[in-house]
Amino acid sequence: MFTPYQIRSIEQYQLDYAQSVEKPEEFWGNIAEHFVWRKKWDPVLNWNFKEPNIEWFPGAKLNITENCLDRHLPALGDQPALVFEPNDPKDDHRVLTYKELHFKVMQFANVLKNNGIKKGDRVCLYMGMVPELAIAVLACARIGAVHSVIFGGFSAQSIADRIQDAQACAVITQDGALRGNKIIPLKSVVDDALMACPTVQRVIVATHARVPVSMLKGRDCWWEDEIKKVETQGNPFCPAEEMDAEDLLFILYTSGSTGKPKGVVHTCGGYMVWANYTFVNVFQYQRGWTHFCTADIGWITGHTYILYGPLSAGATSLMFEGIPTWPDAGRFWDIVEKHHVELFYTAPTAIRSLMAFGDAPLTGKKLNSLKVLGTVGEPINQEAWHWYDDRIGANQCPIVDTWWQTETGGILISNLAGVTPSKPTFATYPLPGVQPVLVDENGVELEGNNVSGNLCIKFPWPGILRTTYGDHERCRQTYFSTYDNLYFTGDGCLRDEEGRYRITGRVDDVLNVSGHRIGTAEVENAINRHAGVVESAVVGYPHPIKGQGIYAYVIFNGMHEDEELTRQDIHQTVARIIGSIAKPDKIQFVEGLPKTRSGKIMRRILRKIAEGELENLGDTSTLLDPSVVADIQQGRLV
Ligand code: WT7
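About the thresholds
- Residues numbered from 1 in each chain as written.
- Predicted model: local features only at pLDDT ≥ 70, side-chain atom pairs only at ≥ 80, totals over all residues.
- Heavy atoms only, no water.
- Helix = DSSP H or I, 4+ residues; strand = E, 2+ residues; numbered from the N terminus.
- Rg over C-alpha atoms; globule rule 2.2 N^0.38 Å.
- Buried < 20%, exposed > 50% of the residue type's maximum accessible area, 1.4 Å probe, protein only.
- Areas by Shrake-Rupley, 256 points an atom, 1.4 Å probe, with all protein chains shown as cover.
- Contact = heavy atoms within 4.5 Å.
- Near = heavy atom within 4 Å.
- Polar contact = N/O pair within 3.5 Å; in protein donor to acceptor, adjacent residues only side chain to side chain.
- Nonpolar A, V, L, I, M, F, W, Y, C, P; charged D, E, K, R; others polar.
- Salt bridge = Lys/Arg side-chain N within 4 Å of Asp/Glu carboxyl O.
- Pairing = 2+ DSSP bridges.
- Axes fitted to C-alpha atoms, helices over the stretch in contact; angles between N-to-C directions.
- Disulfide = S-S within 2.5 Å.
- Core = buried A, V, L, I, M, F, W, Y, C linked by side-chain atoms within 4.5 Å.
- 1 Å grid on protein atoms, 1.4 Å probe; cavity = no way out; pocket = protein on both sides within 12 Å on 5 of 7 lines; lining within 4 Å.
- Points joined across faces, edges and corners; volume = space filled by probe spheres on them.

Q: Which residues make up the overall build of the chain, and what values do they have?
A: Assigned secondary structure in the chain consists of 19 helices and 30 strands. For 638 residues, the compact-globule estimate of 2.2 N^0.38 gives 26 Å, and the chain sits close to it at 24 Å. Considered along the principal axes of its C-alpha atoms, the chain spans approximately 75 × 60 × 55 Å. By the burial criterion, 61% of the 638 residues in the chain qualify as buried. Put simply, the chain shows about 24400 Å² of open surface, and 49% of that area lies on carbon and sulfur atoms.

Q: How would you sum up helix α14 (residues 382–392)? Please name residues and give values.
A: Since one α-helical turn is 3.6 residues long, residues separated by three or four positions face the same way. Considered for burial, the residues of α14 that qualify are Ala384, Trp385, Trp387, Tyr388, Asp389 and Ile392. Where α14 is buried, its residues contact α12 (331–339), β18 (343–346), α13 (348–355), β19 (372–376) and β20 (399–402). Where α14 terminates, the next one or two residues include Ala394, which has phi positive at roughly 50°.

Q: Give me the site of the ligand: which residues, what numbers.
A: Taken together, the neighbourhood of the ligand is formed by 17 residues, with Asp401, Thr402, Thr406, Asp491 and Arg517 sitting nearest. Asp491 is positioned with one of its side-chain polar atoms (N or O) 2.6 Å from an oxygen atom of the ligand. Between the ligand and Arg517, the relevant distance is 2.6 Å, taken from an oxygen atom to a side-chain nitrogen or oxygen of the residue. In isolation the ligand has 550 Å² of accessible area, and contact with the protein removes 95% of it. Residue assignment for the shell around the ligand shows that the elements contributing at least two residues are α11 (300–312), β20 and β25 (501–506). In terms of residue class, the shell around the ligand is built from 6 nonpolar, 6 polar and 5 charged.

Q: Requested: an account of the pattern of salt bridges, with residues and values cited.
A: Oppositely charged side chains are able to pair whenever their charged atoms sit close together. If you walk through the whole model with that rule in mind, you get 35 salt bridges. The partner of Glu564 in a salt bridge is Arg567, and the shortest N-O contact between them spans 3.0 Å. With Glu564 and Arg567 both in helix α17 (residues 563–577) and 3 residues apart, this pair spans about one turn of that helix. Look at the salt bridges and you will find they share partners, linking Lys423, Asp496, Glu497, Glu498 and Arg500 into a network.

Q: Go over the sheet that holds β25, please, and point to the residues and values.
A: Read across the open sheet, the 4 strands follow the order β21-β22-β24-β25; overall the sheet is antiparallel. The sheet is open, and its two edges are formed by β21 (436–439) and β25, each paired on a single side. Within this sheet the neighbouring strands show an average axis-to-axis angle of 45°, counted without direction.

Q: Before we move on, can you summarise the state of the cysteines with the specific residues and values?
A: A full pass over the atoms with the stated rule returns 0 disulfides. No disulfide involves Cys140; its nearest neighbouring cysteine sulfur is the one of Cys169, lying 9.2 Å away. Distance from the sulfur of Cys456, which forms no disulfide, to the nearest cysteine sulfur (Cys493) is 10 Å. Taking the relative accessible area as the measure of exposure, Cys456 reaches 0% and is therefore buried.

Q: Describe helix α8 (residues 186–194), naming the residues involved and giving the relevant values.
A: The element α8 is extensively covered by neighbouring structure, given that 7 of its 9 residues are classed as buried. Here α8 has its buried residues at Leu186, Lys187, Val189, Val190, Asp191, Ala193 and Leu194.

Q: Mind laying out the nonpolar core, listing which residues take part and the relevant values?
A: Counting 126 residues, the largest nonpolar core has Trp37, Phe57, Phe108 and Tyr308 as its most contacted members. Core analysis: the second largest hydrophobic core is formed by 42 residues, Ala160, Ile163, Leu186 and Val189 among them.

Q: So what's going on with empty space enclosed by the protein? Which residues, and what values?
A: Evaluated as defined, the whole model comprises 5 cavities of 30 Å³ or more. Taken as a whole, the largest cavity spans an internal volume of roughly 100 Å³. Residue lining of the largest cavity: 13 residues in total, with Met127, Gly128, Ala177, Arg179 and Asp296 positioned closest to the centre. The element that contributes the greatest number of residues to the lining of the largest cavity is strand β9 (residues 177–179), accounting for 3 residues. In terms of residue class, the lining of the largest cavity is made up of 7 nonpolar, 3 polar and 3 charged.

Q: Which residues make up the side chain of Asp220, and what values do they have?
A: Along the polypeptide, Asp220 turns up in strand β12 (residues 220–222). Separated by 2.8 Å, the side chain of Asp220 and the backbone nitrogen of Leu216 make a polar contact. Within the structure, Asp220 has its side chain in polar contact with the side chain of Arg219 (distance 2.6 Å). In this structure, Asp220 is in contact with Lys187, Asp191, Val203, Ser214 and Met215, ignoring residues within four places of it in sequence.

Q: Before we move on, can you summarise the sheet that holds strand β8 (residues 170–174) with the specific residues and values?
A: Overall, mixed pairing links the 8 strands, which are arranged β12-β11-β8-β6-β7-β14-β15-β23 in an open sheet. Of all strands in the sheet, those with a lone pairing partner are β12 and β23 (467–468), marking the two edges. One ladder, built from 2 bridges, connects strand β7 (residues 146–149) with strand β14 (residues 248–254); its direction is parallel. Residue His147 lies in a different strand from β14, and its bridge partner there is Phe250.

The structure is reproduced here in structure tokens:
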């Protein structure tokens, strides 16, 4: 069974696309009719990219949880909404039906209220991939609190920065998270963060890993105790707060080319429509299917394609707590077989790392429940694409290569599974509502096919970011000021002879390491905090598994006991300031950095050296001291 607005043929794709461009308001107004609103919009859209000011469905009232939960109860109440597969395959999995999830979300929403949390308050969530995270996110949405989920791999310092930026009043966490054979002491990391966060009045801690935690009187409370209090209060019901379509739904921090992560803001109405529309169309979801998105809810992929997209469509969404390689590299495939997964969505980096284990982990695994495969987060290479197609999909499953960003809320460019053709390594065509343009450095639009340039979008789609939290000017600067009247993605892109798009990677100083977005400036700032470091420059280089690796050139002035130890010290520093995900793969100690006379580091040269390109370094005549280049080349790490 399909959803009424699902595109089922190429012809329909072309018609819908044309209509979405010619009459966007009519088009999205019609799609929006399929959701539950307390009050309808007028008009459908107000926008300008100058300020920017973007409002989808202004004046409309809704609550996204009524669309994700309540409206499914009559027909799907006993269907599984969430399937939780724990880290350890020896532990039992858990299923929450739509009825059960609805109940638990209301219960925890009442917990939030009991703890003084109200509409508009910012709540920070620092958790592992457990059902309580999904429940907490939806409970925030239920009462209109703004959730800010922080990926469990970030350090205390990163949490503190994000909490302070959002002025969050509460944190929801758990004692510890299980990842493979490791326990991550989440509560203890939160405790360190909160030493610098006076706005936080309440910390709610779910028990999971059962590691010891220190609970502060007056501030910290246990999830389970709070639930008991709600139970004794006797009223399990929690009405959904009425939200304006443009009220904030969540903040999600992401890296840019400056040192400071920014809080991307998504709002209730447009984001909901976009998450749902892209989910059902790109994956061609059919009623009853189980969707396994391997992302963490700490990233946008988890927000949109574990929670809001699938749940608003009434799908069964699988949440996996563990890692792909523990207890062995067949873990994903065991899960697919065990839960009869139809839709499987992962990152190229995961495919490449599993590919490296060869065929053994696949032997005997029944993967024939799979109907559609997807990739996201970074460009996929030919080899990984074909392995995925052959070994996982048995050449029977369309692969969707979905290009999008934290800022776009959901997928913008992708083939539609089995409906529009795929082309390996190409995201192919834009979804209805998405109007891509390629421009050169001067902002001149490159028309026609067979061109490449910087990827921009010239018209708003419902899921576009609205602002960066607390700093609208930064939003304008970053996305809307590079080119007049265009949203600039930061990606380079080519359009082939048939108008299909291939995203080639970031053109700004943002790295994509294992599908995680990291700013070079952020890593540099962290390295520079180390007492012995004078200066550093960070660039990306091609990495066979991670996509990009982090290469750091460091001028060190402290006493080296030995270089390896200093490298480890720098690793510790980066892990402490940002988190383990930002540790450089290579650290080369240098005497100087290639700088122009005005003092600007010429990263182009450093990038080439890191990539192993030792000859054609391009024009070095503007360098203050060209001799440093030869030294750096000499010391290059392989
Ligand atoms: C950046 C956004 C989208 C959710 C996960 C990452 C890169 C994303 C693709 C793709 C090539 C891709 C882009 C983009 N990217 N998807 N299918 N092909 N590149 O979200 O952390 O906001 O990163 O990821 O460079 O700008 P994010």
